[in-house]
Amino acid sequence: MDEQALLGLNPNADADFRQRALAYFEQLKISQDAWQVCAEALAQRIYRYSELTEVQQQLIRETLVTWLQAQMLNPQPEKTFIRNKAAQVFALLFVTEYLTKWPKFFFDILSVVDLNPQGVDLYLRILMAVDAELVDRDVVHTSEEARRNTLLKDTMREQCIPSLVESWYQILQNYQYTNAELTCQCLEVVGAYVSWIDLSLIANERFINMLLSHMSVEVLREEACDCLFEIVNKGMDPIDKTKLVESLCQVLQSAGLFSIDQEDDVDFLARFSKLVNGMGQALITSWTKLVKNGDMKSAQDTLQAIEAKVSLMLQLLIHEDDDISSNIIGFCYDYLHILKQLSLLSDQQKANVEAIMLAVMKKLTYDEEYNFEHEGEDEAMFVEYRKQLKLLLDRLAQVSPELLLASVRRVFNTTLQNWQATRFMEIEVAIRLLYMLAEALPVSHGAHFSGDISKASALQDMMRTLVTSGVSAYQHTSVTLEFFETVVRYEKFFTVEPQHIPNVLMAFLDHRGLRHTSPKVRSRTAYLFSRFVKSLNKQMNPFIEDVLNRIQDLLELSPPENGYQALLSSDDQLFIYETAGVLIVNSEYSAERKQILMRNLLTPLMEKFKMQLEKLMMAQDEDRQMALADCLNHAVGFASRTSKAFSNKQTVKQCGCSEVYLDCLQTFLPALSCPLQKEVIRSGVRTFLHRMIICLEEEVLPFIPSASEYMLKDCEAKDLQEFIPLINQITAKFKRDLRTQVSPFLQQMFMPLLHAIFEVLLHPAEENDQSAALEKQMLRRSYFAFLQTVTGSGMSEVIANQDAENVERVLFTIIQGAVDYPDPIAQKTCFIILSKLVELWGGKDGPVGFADFVYKHIVPACFLAPLKQTFDLADAQTVLALSECAVTLKTIHLKRGPECIHYLQQEYLPSLQVAPEIIQEFCQALQQSDAKVFKNYLKVFFQRAKP
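Model, not experiment: these values are computed from the prediction.

Would you mind going over the pattern of salt bridges with me for this structure?
A side chain of one charge can pair with a side chain of the opposite charge when the charged atoms of the two come close. Tallied over the entire structure, the rule returns 43 salt bridges. Between E375 and K520 there is a salt bridge, with the nearest N and O atoms lying 3.5 Å from each other. Remark: K520 occurs in helix 26 (residues 519–535) and E375 occurs in the loop between helix 18 (347–363) and helix 19 (377–399); sequence separation between them is 145 residues. Overall, the relative accessible area of 43% leaves E375 in the partly exposed class. With relative accessibility at 36%, the residue K520 sits in the partly exposed group. A salt bridge links R686 to E722; the shortest N-O distance between them is 2.5 Å.

Explanation requested: helix 33 (residues 678–696) in the structure shown.
Helical geometry: 3.6 residues make up each α-helical turn, so side chains three or four residues apart lie on a common side. Look at helix 33: 25 Å from first C-alpha to last across 19 residues, which is about the 27 Å you get at 1.5 Å a residue. For helix 33, the set of buried residues is I681, R682, G684, V685, R686, F688, L689, R691, M692, I693, C695 and L696. Packing partners of the buried residues in helix 33 comprise helix 29 (591–618), helix 30 (622–642), helix 31 (649–654), helix 32 (658–668), helix 34 (704–711) and helix 35 (717–733). Immediately downstream of helix 33, the backbone of E697 shows phi near 50°, a positive value.

What am I meant to see in the environment of L613 here?
By the element assignment, L613 lies in helix 29. Residue L613 is classed as buried on the basis of its relative accessible area of 11%. Separated by 61 residues in the primary sequence, L613 and C674 place their C-alpha atoms 8.3 Å from one another. Among residues more than four places away in sequence, those in contact with L613 are L632, P670, A671 and C674.

What's the story with the UniProt feature "domain: Exportin-1/Importin-beta-like" (unreviewed entry) in the chain in this structure? I'm lost.
Annotation from UniProt places "domain: Exportin-1/Importin-beta-like" (unreviewed entry) at residues 80–228. Between the end C-alpha atoms of residues 80–228 the distance is 27 Å, and the span holds 74% helix and 0% strand.

Which parts of the structure should I look at to understand the packing of aromatic side chains?
The geometry of two aromatic rings is summed up by the distance between their centres and the angle between their planes. In the structure shown here, the tally under the stated rule is 50 aromatic pairs. For the pair W102 and F105, a centre-to-centre distance of 5.0 Å together with 75° between the ring planes defines the contact as edge-to-face. Of the two residues examined, W102 and F105, each falls in the buried class. Ring plane angle 25° and centroid distance 5.9 Å describe the contact between F268 and F272, whose orientation is recorded as stacked.

Could you clarify how one ought to interpret the state of the cysteines in this entry?
Each disulfide consists of one covalent bond between the sulfur atoms belonging to two cysteines. Here the structure, examined in full by the defined rule, presents 0 disulfides. The thiol of C186 is not disulfide-bonded; the next cysteine sulfur, from C227, is found 8.5 Å away. Taking relative accessible area as the criterion, C186 reaches 0% and is therefore assigned buried. Unpaired in terms of disulfides, C715 finds its nearest cysteine sulfur in C674, a separation of 16 Å. C715 sits in the buried class, given a relative accessible area of 14%.

Where do I start with the environment of Y123 in this structure?
With respect to the helices and strands, the residue Y123 is situated in helix 7 (residues 117–135). Separated by 820 residues in the primary sequence, Y123 and Q943 have C-alpha atoms spaced 47 Å apart.

So what exactly am I meant to see when it comes to unusual backbone geometry here?
Negative phi values dominate among residues other than glycine, just as trans dominates among peptide bonds. With a phi close to 50°, D114 is a non-glycine residue in the positive phi region. Looking at where D114 falls in the secondary structure, it is placed in the loop between helix 6 (105–113) and helix 7.

Quick question: what am I supposed to make of the nonpolar core here?
Here is a general trend for soluble globular proteins: nonpolar side chains tend to be buried in one another's company. Residues M156, W168, Y193, F272, Y661, F863 and F922 are the most contacted members of the largest nonpolar core, which totals 323 residues. Discounting residues that sit within four places of it in the chain, Y193 has contacts with L127, V130, D131, M156, I161 and W168.

Is there a simple way to think about the packing of helix 23 (residues 477–489) against helix 26 in this case?
Each pair of packed helices can be described by the angle between their axes along with the distance between the axes. In contact at an axis separation of 10 Å, helix 23 and helix 26 are set at 10° when each is read in the N-to-C sense. Between helix 23 and helix 26, the angle falls in the class roughly parallel. Every residue of helix 26 that contacts helix 23 at T477, T480, L481, F484, E485, V487 and V488 is listed here: K520, V521, R524, T525, L528, R531 and F532.

In this structure, what is going on with the side chain of T888? I would like to understand it.
Checked against the element boundaries, T888 lands in helix 42 (residues 876–896). Residue classification places T888 among the buried residues on the basis of a relative accessible area of 0%. Non-local contacts of T888, meaning those with residues more than four positions away in its chain, are made with F831, L834, S835, I858 and C862.

Looking at this structure, how should I read the packing of helix 12 (residues 221–233) against helix 14 (residues 266–293)?
Close contact between helix 12 and helix 14 brings their axes to 9 Å; oriented N to C, the two are set at 15°. Judged by the angle between their axes, helix 12 and helix 14 are roughly parallel. Taken as a pair, helix 12 and helix 14 cross one another with a handedness that is left-handed. The residues of helix 14 that touch helix 12, namely those facing R221, E222, E223, C225, D226, L228, F229 and V232, are D267, F268, R271, F272, K274, L275, G278, M279 and A282. Grouping the amino acids of the contact of helix 12 with helix 14 by side-chain chemistry returns 9 nonpolar, 1 polar and 7 charged.

Reading guide: rules and limits
- Residues numbered from 1 in each chain as written.
- Predicted model: local features only at pLDDT ≥ 70, side-chain atom pairs only at ≥ 80, totals over all residues.
- Heavy atoms only, no water.
- Salt bridge = Lys/Arg side-chain N within 4 Å of Asp/Glu carboxyl O.
- Helix = DSSP H or I, 4+ residues; strand = E, 2+ residues; numbered from the N terminus.
- Buried < 20%, exposed > 50% of the residue type's maximum accessible area, 1.4 Å probe, protein only.
- Expected span 1.5 Å × (residues − 1).
- Contact = heavy atoms within 4.5 Å.
- UniProt positions renumbered as here; feature names shortened; annotations may be inferred.
- Phe/Tyr/Trp six-rings, centres within 6.5 Å; stacked < 30°, edge-to-face > 60°.
- Disulfide = S-S within 2.5 Å.
- Core = buried A, V, L, I, M, F, W, Y, C linked by side-chain atoms within 4.5 Å.
- Axes fitted to C-alpha atoms, helices over the stretch in contact; angles between N-to-C directions.
- Parallel < 35°, antiparallel > 145°, perpendicular 65-115°, else oblique.
- Left-handed = near helix turned anticlockwise from the far one by under 90°.
- Nonpolar A, V, L, I, M, F, W, Y, C, P; charged D, E, K, R; others polar.

This is the structure we're talking about:
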């Protein structure tokens, strides 16, 4: 709608605007979209309805009723979107007016539409729109709207619901054989409303009989199914619920609907499966309540009713259509939960468990159409369905672990005996079942091959078969991947039977794994190989040099210009480098040998790095620059990854590897001076420095000042935000030896870092640039986190030793962060810093002028911040900020004593016009020894103070 034209409706508008408005509405009259535009305008409430006069509101009501009357006479119904929009407008008006000015809303509509098909269609759409406004759980309502909606529903139940239900019955009766569309719409309305109206209005003989008769009508039965599901789903007395479900089942069974194999309409069966699932779960809920109430006879009757549905449940579970099967899994899962609670299972129940187990095994199997190379929506749905089946398998294991183990063993051994002549999906599911047993039969720390002898023996036999059968050579990616996943899942098997390690290593290293034709297999295998080696590092010693030689070609850094398609992506190579590092570090070789092997691993990277850096410096084309920068970044990343084998400096020294990593530092750091692709290069080097602080400790410190200097040049918010954690790490890591090692460095780079931060924060951003605003917010948080680290690590002299002007500027940024920015996370950090500074400097021997700063700025900040409208005391993060604000005030009182109380009583609080009795109350709370008492008081104090 042209809002400029609407300005012409104002009586005081000038002639141009009035002319434009008239022209617009003349055009709207003849437009086919006029109704859509007007309905949209009403629905969006362009005019605030409550601001209209009584006459205008009455006019809107009359206009809508007149429009409804006109629809009865239209030879053709309006377009669907117009009917939906009109229904929405009616619903919005209902919500606004029903309780006050239009209590006969539904009666007025019913008197207009009667049984006219076009009128009934609109009436039903209005009912659905009203339900959406009142009940829709996808819409987030305020607490006020929720209260209003509850009142609306209560009033409807009292005044009009019986009449509405009667109208639904009349519509169903009138149109069930002549207008399927209206009947289905009406069934949808019944299903929607049944959740919040008196169930007896619907769950009675005449309604249920009609709904059941619709189950035999092809065009109605899907909607009838959904409607019955909602009725069954409604909470009610357990005995009554059992009777209702049983009566429904008897009729459905006599109508032949339980004969699943004779039904070929999968859409209907999916709805029917959902209904059976609802009935089954409703009975189980009734059984649970009856057992809890001690009514064991009724509980036994309900259990028999449940057992009678198991055969139907199994037919639906095993159905070839996964949607039908998926819809019944809830009933199946809950039924197994009942069996788990029973002390002794009957023969029939045991047979049911076995039947469910066989069904799950069958349904886990891939079908021929599954596309492994290009997995789309159907494949994603099957993966989700498999996850549901896994939950069933886990529950089966809780009911009968021995039966599950025996069943899986039987299927596994039968399949792998003749794997060469077996279809891929059968082999994959056999190995998958073995894999799934690891979670279905849980043990601590993967100790599947100790403890329970029969279980350990069965799993050991299956693993031995897996690794000796040759199935790893099967030519299908799903089987290959399942083989490697299972080998890694049961890595403890190889500590029991280490003789199989060489064969499995070869599978990883040859065409079955890292050199497979499928990139997907190669990628996953790289990760699994890394896990396999790390978990079995003690058993790897005999194979180390052979493995390192075999993976040599996989370690090559692929330069961008050679055009050769590497077997592994750079992300996959990270795992191979990590594996190589683990093999070297955990070996039983001497330190000299480890050093040689590590140097052999890293020297090619350093040489390639130097060459590529030279090329980048000369590169003109931006795409080439980017490719070269990525290559450099990968080289640094690979070197970083090898260091993951070390836990600390001690292990690096023991292996004699400090020197080679220092060489890497000297190789990589010059890249920071490269003016091209700075962001990519800085990111890689920064990550490497993080690792080296852990691995080399103080040996890395000489490199930090020059690295910092480069990283602070021409930087943006994101660069600084990522650089600050590096400085925080150094400060925290070396705080035991701060004075000699870190303090001079921090002293030197403190203001350059802060100047870079201030420059970025003060740089103007576009008004609506949300991304830039968020980056600045995150940088501000990082800046305050840095100051918190400095003050919290006993290094406040780094701030104190700066020029007086700089110290003042820093202190004012902290006050600003506490008060001016509506970011509770940053505010909390600022109050932590302030309380720490008061603790360190707030005493009699503190820096000159700091006591004045406390009273002129810190104390006011503790009041001004919580008094701001943006300081939301209902928000959890804000409450944490307030808690730190309380700590700050307590610390000021602790350091300044009675002087602080005198200042609050005589000067500051009176300046805020706080009543004398409240001032007295505040000061008493502040002087309480229990800090928690004051924190609680402060929240109440500001809740009272805010309008």
